[in-house]
Amino acid sequence: MALIGSIRKHYWFLVLVIGISLLLFVLSDFSRRSNKQPTTVGEVVGEKISIMEFNKRVDENISLQKQNSNRENLTSAETYQIQQSTWQQLVNEIVMNSEYEKLGIIVTTEELTDMIRGEHIHPYIVQSFTDPKTGAFDKKNVIDFITHFDEASPDFQSRYLMLEKAIKQDRINQKYNSIIGKSFYVPTAFAKRSYEDASKTANVFIAGMQYKSINDTTVKITDDDYKKYYEANKYRYQQDKTTCNLVYISFPLEPSAEDIATTKDQVNKLYEEFKTLPSSEVASFVSANTDTKYDSSWHHRGDFQLVDSALFTAPVGEVLPPVTNGNLLQIFKVMDRQARSDSLKASHILISYAGSAAREATRTKEAAEKMADSILNVVKSNPAQFDLIASTLSDDQVAKERQGNLDWFPDGAMVEPFNSTIANGSVGEIKKVETMFGYHIVKITGKTAPKIKVKVANIDRRMEASSRTINAIFNTASSLAAENNTIEKLENAAKAKGFALRSADQLDAMASTIGGIGQTREVAHWAFNKNTEVGNVSNVFKTEEACVVAALKSRTEKGIIPLADVKEYIKPLVLREKKAEILIKRASEKIATITDVSAFLQQPTIKVDTVNVAFSGSNLPNHGYEPKIVGAIFGSKEGKVSKPQQGEQAVYVFVVDKFNTAPQTTDFDKQKRDMAMLFQSRVNSIPSVLEQKAHITDNRFMFY
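Residues numbered from 1 in each chain as written. Predicted model: local features only at pLDDT ≥ 70, side-chain atom pairs only at ≥ 80, totals over all residues. Heavy atoms only, no water.

Visitor: Honestly, the overall build of the protein in this entry has me stumped. Any pointers?
Guide: Assigned secondary structure in the protein consists of 25 helices and 25 strands. Computed over its C-alpha atoms, the radius of gyration of the protein comes to 38 Å, more than 25% above the 27 Å expected for a compact globule of 704 residues. Counting only C-alpha atoms, the protein reaches 115 × 110 × 70 Å along its principal axes. The 704 residues of the protein split such that 36% are buried. (Helix = DSSP H or I, 4+ residues; strand = E, 2+ residues; numbered from the N terminus. Rg over C-alpha atoms; globule rule 2.2 N^0.38 Å. Buried < 20%, exposed > 50% of the residue type's maximum accessible area, 1.4 Å probe, protein only.)

Visitor: Explain the side chain of threonine 201 to me, please; I cannot follow it from the model alone.
Guide: Relative to the elements of secondary structure, threonine 201 occurs in strand β3 (residues 201–210). For threonine 201, the residues in contact, after removing those within four places along its chain, are Asn612, Val613, Ala614, Phe634, Lys658, Phe659 and Asn660. (Contact = heavy atoms within 4.5 Å.)

Visitor: Explain the sheet that holds strand β17 (residues 541–542) here, please?
Guide: Adjacent strands of a sheet pair through backbone hydrogen bonds, lying either parallel or antiparallel. What the four strands build is an open sheet, ordered β14-β5-β18-β17; its pairing is antiparallel. The sheet is open, and its two borders are formed by β14 (501–508) and β17, each paired with just one other strand. Relative to strand β18 (residues 546–556), strand β5 (residues 243–252) runs antiparallel, the two being bridged by 10 bridges. The residue of β18 that forms the bridge with tyrosine 248 is alanine 550. In the packing of helix α19 (residues 487–497) onto the sheet, contacts are made with β5, β14 and β18, and the angle to β18 comes to roughly 135°. Contacts between helix α20 (residues 521–528) and the sheet are confined to β5, β14, β17 and β18, with β18 contributing the most and set at about 35° to the helix. (Pairing = 2+ DSSP bridges. Axes fitted to C-alpha atoms, helices over the stretch in contact; angles between N-to-C directions.)

Visitor: When you look at α20 in this model, what are you seeing that I'm missing?
Guide: The α-helix winds at 3.6 residues per turn, so residues separated by three or four positions along the chain end up facing the same way. Most of α20 sits inside the fold, with six of its eight residues counted as buried. Residues of α20 that are buried include every one of Arg521, Val523, Ala524, Trp526, Ala527 and Phe528, and no others.

Visitor: Can you help me understand the packing of aromatic side chains in this one?
Guide: Aromatic rings considered in pairs are described by the distance between their centres and by the relative angle of their planes. Across all of its chains, the model carries 16 aromatic pairs by this definition. Ring geometry for phenylalanine 145 versus phenylalanine 149: centroids 6.0 Å apart, planes at 85°, classification edge-to-face. Both residues of the pair, phenylalanine 145 and phenylalanine 149, belong to the buried class. Of the aromatic side chains, those joined through ring pairs into one cluster are Phe129, Phe145, Phe149 and Tyr160. (Phe/Tyr/Trp six-rings, centres within 6.5 Å; stacked < 30°, edge-to-face > 60°.)

Visitor: Can you walk me through the nonpolar core in this structure?
Guide: In globular proteins that are soluble, nonpolar side chains generally tend to be buried together. In terms of nonpolar packing, the biggest core is built from 39 residues, with Ile49 and Phe54 touching the most fellow members. Residue assignment for this core shows that the elements contributing at least two residues are β1 (40–44), α3 (51–69), α4 (76–103), α5 (109–117), α6 (123–129), α7 (139–147) and α8 (154–181). Sorting elements by how many residues they give to this core places α4 first, with nine residues. Excluding residues within four positions of it along the chain, isoleucine 49 makes contact with Thr39, Thr40, Val41, Gly42, Val44, Phe54, Trp87, Leu90 and Ile94. Among the nonpolar cores identified, the runner-up in size contains 19 residues, and Ile249, Phe251, Ile487 and Val540 belong to it. (Core = buried A, V, L, I, M, F, W, Y, C linked by side-chain atoms within 4.5 Å.)

Visitor: Hey, could you run me through unusual backbone geometry in this one?
Guide: Among all residues save glycine, negative phi is the norm, and among peptide bonds the norm is trans. Residues glutamate 416 and proline 417 are joined by a peptide bond in cis, for which omega reads 5°. With respect to the helices, strands and loops of the structure, proline 417 is situated in the loop between β10 (405–410) and α17 (418–424). In this model, glutamine 506 sits at a positive phi of 55°, which is unusual for a non-glycine residue. For glutamine 506, the position within the fold is in strand β14. Judged by relative accessible area, which is 48%, glutamine 506 ranks as partly exposed. Located in the positive-phi region is asparagine 622, a residue other than glycine, with phi close to 75°. Along the polypeptide, asparagine 622 turns up in the loop between β21 (619–620) and β22 (624–625).

Visitor: Any chance you could explain the pattern of salt bridges here in plain terms?
Guide: For side chains bearing opposite charge, pairing can occur when the charged atoms are close. Going through the model one piece at a time under the given rule, you end up with 30 salt bridges. Put simply, aspartate 225 and lysine 578 hold a salt bridge, and the shortest N to O gap is 3.4 Å. In this pair, aspartate 225 is assigned in helix α10 (residues 223–233) and lysine 578 in helix α21 (residues 563–590), connecting sequence segments 353 residues apart. The exposure class of aspartate 225 is buried, given its relative accessible area of 14%. For lysine 578, the salt bridge identified is with glutamate 581, shortest N-O distance 4.0 Å. Pair noted here: lysine 578 and glutamate 581 are both in helix α21, with a separation of three residues, about one helical turn. Note on lysine 578: relative accessible area 19%, which makes it buried. You can call glutamate 581 partly exposed: its relative accessible area is 42%. By sharing partners, the salt bridges in this structure join Arg340, Asp342, Asp411, Lys451 and Lys453 into a single network. (Salt bridge = Lys/Arg side-chain N within 4 Å of Asp/Glu carboxyl O.)

Visitor: Please explain the environment of glutamate 577 as it appears in this structure.
Guide: You can see glutamate 577 is positioned in helix α21. With relative accessibility at 25%, the residue glutamate 577 sits in the partly exposed group. Between the C-alpha atom of glutamate 577 and that of tyrosine 211, which follows or precedes it by 366 residues, the distance is 9.5 Å. Sequence-distant contacts of glutamate 577, defined by excluding residues within four places in its chain, comprise Tyr229 and Gln646.

Visitor: What is the right way to look at the sheet that holds strand β8 (residues 328–340) in this model?
Guide: The strand order across the open sheet formed by four strands is β6-β13-β8-β7, and the pairing between neighbours is antiparallel. Edge positions in the sheet fall to β6 (298–299) and β7 (319–325), since each has one partner strand and no second. Here β6 runs beside strand β13 (residues 451–462); their pairing, made up of two bridges, is antiparallel. Residue pairing for β13: tryptophan 298 is matched across the bridge by lysine 455. Across the face of the sheet, helix α12 (residues 282–289) comes into contact with β8 and β13 while running at roughly 40° to β13.

Visitor: Help me understand the packing of α3 against α8 in this model?
Guide: For any two helices packed against each other, the geometry comes down to the angle between their axes and how far apart the axes lie. For the pair α3 and α8, the least separation of the axes is 12 Å and the interaxial angle reads 110°. With respect to each other, α3 and α8 are oriented roughly perpendicular. Across the interface between the two elements, Arg57, Glu60, Leu64, Gln67 and Asn68 from α3 touch Asp155, Arg159, Met162 and Lys165 from α8. Class assignment for the residues of the contact of α3 with α8 results in two nonpolar, two polar and five charged. (Parallel < 35°, antiparallel > 145°, perpendicular 65-115°, else oblique. Nonpolar A, V, L, I, M, F, W, Y, C, P; charged D, E, K, R; others polar.)

Visitor: Would you mind going over the confidence of the model for the protein with me for this structure?
Guide: Reading predicted coordinates in detail is not appropriate for stretches of low pLDDT. Taken as a whole, the protein shows an average pLDDT of 87; of its residues, 94% reach a score of 70 or greater. Of the regions scoring below 50 in pLDDT, residues 1–7 engages in one contact with residues more than four places distant in sequence or in other chains. Across residues 28–35, confidence stays below pLDDT 50; counting only partners more than four residues off in sequence or on other chains, it has zero contacts. (pLDDT = per-residue confidence, 0-100.)

Visitor: How should the pairing of strand β2 (residues 47–50) be read in this particular structure?
Guide: Both faces of the sheet carry side chains from a regular strand, because those side chains alternate between them. Two elements, β1 and β2, share four bridges in a ladder whose sense is antiparallel. Counted as the bridge partner of glycine 42 is isoleucine 49 from β2. In sequence, β1 turns back onto β2 through a hairpin of two residues, with valine 45 there showing a positive phi of about 40°.

Visitor: In this structure, what is going on with the environment of valine 267? I would like to understand it.
Guide: The residue valine 267 is located in helix α11 (residues 257–275) in this model. Of the residues examined, valine 267 reaches a relative accessible area of 2% and is grouped as buried. When the C-alpha atoms of valine 267 and proline 321 are compared, they prove to be 9.8 Å apart, with 54 residues separating the residues in sequence. Setting aside residues up to four positions removed in sequence, valine 267 forms contacts with Pro322, Leu329, Ile331 and Arg461.

Here it is, written out as structure tokens:
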């Protein structure tokens, strides 16, 4: 009872505690929701692009790039570039697909079929299915691939579907461009005006008072002058994205003298071991001890800069002493030296077996070898039978259609030992050789004149900063950042300690590199973080090339750039405005009493040029680019002295002696064609114009 009484006594206190607890729970849930990782990488004309969709497209493009370049990995810079191009690709697709939908532009199944295997084969198909050895395209290969599409590897299926999508998109683009290009009509009145304008000229007496005639130091510019010019021209200073200006100090991750000495000691030990190593162990030894991949190909003279002469004169088997090549220490061993042809030519008959790289083979290896031996005996005793057998029994379907002919190929282009069999054999010989694809009956049909080549094994070791050196550099940078937490302090410290303070201006949110420090996405993330304020100094950023301490100098939001941010940039223009005022005043005083052309030409202090000016141009002879003055000339009257006119290079006073017009004509077909062609040439710029006008939200910086 006492407990119940106590609870009753503190009833309102308990209600308050429970209420506060519920409020804190709601606020914490709201906080969790507000801090939830966004899932939308951007929005284009109302269509959201999820991060999953974007990453999927990026992965597809990375895979395609690897296939096209025949590489297993891409550099971080290449991957970043693919991310950039993928975004542009998606933006273009969404913006343009919206236009296509409005116009009802589609590609029918019948059209697509015709472009792939019909009468109007698309260039993409021709390019993809052209035999690289012969340069020939055969539609049968396309039909055969599509017929056996389900049997193709997933990789080839994926590549083909991407190719089909590209063909469809290209066809839609062609239709759209055709519609836009052919929608332009040139009225006769427009063509006539174009003809007259192109032929209109004026004979002019003109005097130009150059701005450079006034020394910059004699002209005083006030804040009002800057403001006046800025207000009149602020439309010129707009940007479509937020940018940041940084200052930073970079500490390169360079090896110390101790690091270099250690690497040299390691390489010298490898050199001693390499000299006594059996040839059979060279490949594995190199692979285990080098920073680059073991290369077993043949090399020409000139392929090795520092040791080229030694490699072509040293005995086979000799190991050259270590050499320094930039940041590399290199050891070279002469593995072999031969007179070899640059190009080889051969025909072959392939007999594959189950388990070989020829995927569709079903015969056993024993059966394949027995069959290959039988064919070898037949073609050796009767070489004339080779082409017939190759066209009927070979498992190389591409070469089969050419009676086994592989045509010319570079030495080293074929798999070993197929390549060696041809390189080491004589023209006319027929041999049997086994490769990963099965058994080949090879007929050597051509070889270019042999040249001396070498096969070299080399060990490369980079002279890099050790962990100890990197830690020391990082600690130096960390101390600098900790002791100088404002941009003013950082600038003073850099000056006092002799550190180079660099600038990175107009950095956008997706910037990937900054000069001297390589990949800098982390720096960009920090600069554009809403919690980073102007004047803040960063912690240390460690890139592949350096440790970096940065400070945010300014941030300019999307839209019209503030005067303070463009003040230095517009200074020469404001200076020109002030000089123009001075020169216009001087010129006005000189010509105040001039009433005719003779008086203008006889002015002793004014140098007058006689020029012919074209209405269709923007240049003044002897003066350069002056579009406003050209316009003023053709807007004036003959024989009248102009008022002083402010131009790009000078202040001008002129008199038009005579306007010259075009001969009369009624044939304006050429002008109509030229105007139509000019319009059509601009059709390709439509996507970029539509993108500029589209509402696009780019949130990629939140993910990358």
